[in-house]
Amino acid sequence: MIKVAVAVATEDAMPSAFVVWRGIEDSIRKAAEFGYDGIELALKTADQVNPEHVKRLLAEHNLACPCISTGQVFAALDLYFTARDEARRREVIRVFREMIDLASELGAMVNIGRARGFIEEGEEPEEAEARFVEVAREVASYAEPKGVKLILEPVNRYEINFVNSVRDGAALLRKVGAPNVGLMPDLFHMNIEDRTLGGELEEHADLVQYIHFADSNRMAPGQGHTEFPAVFESLRRMSYNGWVSVEILPEPDPDTAARQAIESLRPLVEDYNSA
Ligand code: LER
Ligand code: MN
């Protein structure tokens, strides 16, 4: 079974937060009204929301929150796993622990996007990688008894210089070796970095826990040249049972983008779920 979420944030999120709607109440109401199954909540810190309030709103609208995404931890707080400074690494671990506590209340996974960090000037990739592995293991071992999974998102080379392709992500996760850390491929980044979309998804089916959906130009599915029926055929071959989340540019305006996305995905998802 495939379920569809839409990426949203709180009202006070940075302008650059990459979401369709802002404001928890409005986002949840609209997601339900438009026919989504859930919301992906983009946060800077866990205390931006009251878990009881979010749970009540989700229950009222019969929606789930399958994922908390953490791009703003990097973009707004400048915190990331590969930081050379030990105090900064302790701080990102603290922020992630609080995200994990919230995720455990909401039944969500926690994304590791650009907060994974990067290879600093003058250092070997292995040095950044070693710091990532150490922090990821610590965060994963905190999340494990709480039943929370972490999902590493490969992001294209124009945004960061570390973990660009799905293959890079899979290789790194094998080094982390924690049972509760998987992959969050994003079709937009894959379109830039991977040889194929479906092929790489199928190849790493054992690790793929959640997928960001956008068309080739980051507009709503259906507005670019990605072949979504072929992606669904690959998902079928890998017996994918999970969430896809619409993370698209809110253009020409958020409601239009959200409506275009669900309208183009709904027939594919209904077909997938009924077979
Ligand atoms: C976040 O999910 C993402 O895909 C990044 O491109 C945001 O910068
Ligand atoms: Mn993404």
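Anyway, here's the lowdown on the structure attached to this text. Source: prediction; values computed, not measured.

1. Here's the deal with helix α2 (residues 51-60)
Inference 1: Three or more residues of α2 are buried, namely Val-54, Leu-57 and Leu-58. Looking straight down α2, one finds that the buried residues subtend no more than 100 degrees of arc, so they occupy a single side. Facing away from the buried side of α2 by more than 90 degrees, the exposed set consists of Ala-59 and Glu-60.
Inference 2: Buried residues in α2 make contact with α1 (24-34), β3 (38-42), β4 (64-69) and α4 (86-106).
Inference 3: Between the side-chain oxygen at the start of α2 and the backbone nitrogen of Glu-52 there is a gap of 2.8 Å, and the oxygen is on Asn-50.

2. What about the site of ligand 1?
Inference 1: Every residue lining ligand 1 is accounted for by Arg-114, Glu-153, Glu-159, Asp-186, His-189, His-212, Arg-218 and Glu-247.
Inference 2: Between an oxygen atom of ligand 1 and a side-chain N or O atom of His-189, the distance comes to 2.7 Å.
Inference 3: Protein coverage of the free-state accessible area of ligand 1, which is 260 Å², stands at 87%.
Inference 4: In a pocket analysis with a 2 Å cut-off to the grid points, ligand 1 is assigned to the largest pocket.
Inference 5: Looking at the shell around ligand 1 residue by residue, the classes come out as no nonpolar, two polar and six charged.

3. Section: the side chain of Ser-216
Inference 1: As for its position among the elements, Ser-216 is in the loop between β8 (210-213) and α9 (228-237).
Inference 2: For Ser-216, a relative accessible area of 9% gives the class buried.
Inference 3: A distance of 2.9 Å separates a polar side-chain atom of Ser-216 from the backbone nitrogen of His-225.
Inference 4: The contact partners of Ser-216, leaving out residues within four places of it in the chain, are Phe-188, Asn-191, Gly-224, His-225 and Thr-226.

4. Description of the packing of helix α5 (residues 125-143) against helix α6 (residues 166-176)
Inference 1: For the pair α5 and α6, the least separation of the axes is 9 Å and the interaxial angle reads 60 degrees. Put simply, α5 runs oblique to α6. Crossing handedness for the pair α5 and α6: right-handed. The segment α5 lies against α6, with Glu-129, Phe-132, Val-133, Ala-136 and Arg-137 engaging Leu-172, Lys-175 and Val-176.
Inference 2: Here the contact of α5 with α6 is composed, by residue class, of five nonpolar, no polar and three charged.

5. Brief notes about α4
Inference 1: Taking 1.5 Å per residue as the helical rise, α4 with its 21 residues ought to reach 30 Å, and the 30 Å between its terminal C-alpha atoms agrees with that figure.
Inference 2: Buried within α4 we find Arg-89, Val-92, Ile-93, Val-95, Phe-96, Met-99, Ile-100, Leu-102, Ala-103 and Leu-106.
Inference 3: Downstream of α4 by a residue or two, Gly-107 has a phi angle that is positive, lying close to 75 degrees.

6. Description of the layout of surface pockets
Inference 1: By volume, the largest pocket is sized at about 350 Å³.
Inference 2: Taken together, 24 residues make up the lining of the largest pocket; nearest its centre are Phe-18, Gly-71, Arg-114, Glu-153 and Glu-247.
Inference 3: At the level of elements, β3 and α3 (71-75) are the ones that each hand at least two residues to the lining of the largest pocket.
Inference 4: Among the elements that make up the lining of the largest pocket, the one with the highest residue count is α3 (three residues).

Analysis parameters
Residues numbered from 1 in each chain as written. Chains lettered and ligands numbered in written order. Predicted model: local features only at pLDDT ≥ 70, side-chain atom pairs only at ≥ 80, totals over all residues. Heavy atoms only, no water. Buried < 20%, exposed > 50% of the residue type's maximum accessible area, 1.4 Å probe, protein only. Helix = DSSP H or I, 4+ residues; strand = E, 2+ residues; numbered from the N terminus. Arc of directions from axis to C-beta. Contact = heavy atoms within 4.5 Å. Polar contact = N/O pair within 3.5 Å; in protein donor to acceptor, adjacent residues only side chain to side chain. Near = heavy atom within 4 Å. Areas by Shrake-Rupley, 256 points an atom, 1.4 Å probe, with all protein chains shown as cover. 1 Å grid on protein atoms, 1.4 Å probe; cavity = no way out; pocket = protein on both sides within 12 Å on 5 of 7 lines; lining within 4 Å. Sits in = over half its atoms within 2 Å of the grid points. Nonpolar A, V, L, I, M, F, W, Y, C, P; charged D, E, K, R; others polar. Axes fitted to C-alpha atoms, helices over the stretch in contact; angles between N-to-C directions. Parallel < 35°, antiparallel > 145°, perpendicular 65-115°, else oblique. Left-handed = near helix turned anticlockwise from the far one by under 90°. Expected span 1.5 Å × (residues − 1). Points joined across faces, edges and corners; volume = space filled by probe spheres on them.

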